[in-house]
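The lines below spell out each chain.
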Amino acid sequence: AFDQLKIGGRPIKSALILGYGAGSVAALLNERLNEPQIVGVEIDAEVIAIAREYFGLGELDNVSVLEMDATTYVQTCEEKLDLIAVDLFDDDKVPGQFYEKSFLESLKTLLNPGGILVFNASVQSSGQEIARSEERRVGKECRSRWSPYH
């Protein structure tokens with residue numbers, strides 16, 4: 001997704017990763033950009049501990065990770081960001097509240113003009129058609145409301 005968005009050619013100085021996990025999105029951003037300030041939000045303390053121990057979380061000076069619920073963070077955040085990556089999974093699916101219009105609108109308020117929202121909604125085979133339908137709806141919603149190209 002990042003290659004298709006050509007983010008390396010954009011002036012991205014700040015990023016938010018909802019669902020930090022092991023830090024793969026932060027690593028991708030650091031590869032393609034000039035070390036933007038990154039805030040990661042991860043609800044699971046055990047996942048954060050694993051990221052620190054095995055995936056070098058503490059080695060990235062431009063990354064801070066907060067242990068908290070993504071919805072709470074989005075509702076209380078006062079920063080404006082150049083990029084938001086949503087990578088929120090419970091097992092193999094994105095919980096329904098993150099597809100809701102109110103959550104997506106809250107994300108929009110956090111983006112700087114021209115900011116980028118990347119939403120990982122990949123699915124496994126069970127419920128795939130329903131998930132694809134939901135992905136199309138969310139994508140259409142975001143494009144119709146936010147895209148300067150639409």
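The structure this text deals with has already been given above.
Residues numbered from 1 in each chain as written. Predicted model: local features only at pLDDT ≥ 70, side-chain atom pairs only at ≥ 80, totals over all residues. Heavy atoms only, no water.

So, the nonpolar core
Point 1. The biggest cluster of nonpolar side chains holds 21 residues, and the ones touching the most others in it are L16, L18, I84 and L107.
Point 2. Take this core: its biggest share by element is four residues, from helix 5 (residues 101-110).
Point 3. Among residues more than four places away in sequence, those in contact with L18 are V41, A70, Y73, V74, I84, A85, V86, D87, L88, F103 and L107.
Point 4. Residues Y20, I38, I48 and V63 belong to the second largest nonpolar core, which totals 18 residues. (Core = buried A, V, L, I, M, F, W, Y, C linked by side-chain atoms within 4.5 Å. Buried < 20%, exposed > 50% of the residue type's maximum accessible area, 1.4 Å probe, protein only. Helix = DSSP H or I, 4+ residues; strand = E, 2+ residues; numbered from the N terminus. Contact = heavy atoms within 4.5 Å.)

Some remarks on the environment of K80
Point 1. Tracing the backbone through its elements, the reader meets K80 in the loop between helix 4 (70-76) and strand 4 (81-86).
Point 2. Judged by relative accessible area, which is 46%, K80 ranks as partly exposed.
Point 3. Counting along the chain gives 29 residues from K80 to T109, while the straight-line C-alpha distance between them is 7.8 Å.
Point 4. For K80, the residues in contact, after removing those within four places along its chain, are S14, T109, L110, L111 and N112.

Remarks on a nonpolar patch on the surface
Point 1. The grouping of I50, Y54 and F55 at the surface amounts to a nonpolar patch, some 350 Å² of accessible area in total.
Point 2. Mapping Y54 onto the fold places it in helix 3 (residues 45-54).
Point 3. Y54 sits in the exposed class, given a relative accessible area of 59%. (Patch = residues over 30% accessible without salt bridge, like charges linked within 9 Å, V, L, I, M, F, W, Y side chains within 5 Å. Areas by Shrake-Rupley, 256 points an atom, 1.4 Å probe, with all protein chains shown as cover. Salt bridge = Lys/Arg side-chain N within 4 Å of Asp/Glu carboxyl O.)

Quick notes on the pattern of salt bridges
Point 1. Taken as a whole and judged by the stated rule, the model has one salt bridge.
Point 2. The salt bridge partner of E31 is R32, with a shortest N-O separation of 3.4 Å.
Point 3. Look at R32 and you get partly exposed, because its relative accessible area is 26%.

Points about the layout of surface pockets
Point 1. Each pocket or cavity is described by its volume, and for the second largest pocket that value is around 280 Å³.
Point 2. Around the second largest pocket, the lining is made up of 14 residues, and of these G19, E42, I43, L88 and F89 lie nearest the centre.
Point 3. For the lining of the second largest pocket, the per-class residue count stands at eight nonpolar, two polar and four charged. (1 Å grid on protein atoms, 1.4 Å probe; cavity = no way out; pocket = protein on both sides within 12 Å on 5 of 7 lines; lining within 4 Å. Points joined across faces, edges and corners; volume = space filled by probe spheres on them. Nonpolar A, V, L, I, M, F, W, Y, C, P; charged D, E, K, R; others polar.)

Examining the pairing of strand 4
Point 1. Where burial is concerned, most of strand 4 is hidden: six out of the six residues are buried.
Point 2. One ladder, built from four bridges, connects strand 1 (residues 14-18) with strand 4; its direction is parallel. Bridge pairing links L18 to V86 in strand 4.
Point 3. Relative to strand 5 (residues 111-119), strand 4 is paired through five bridges, and the arrangement is parallel. Paired with V86 across the strands is F119, a residue of strand 5. (Pairing = 2+ DSSP bridges.)

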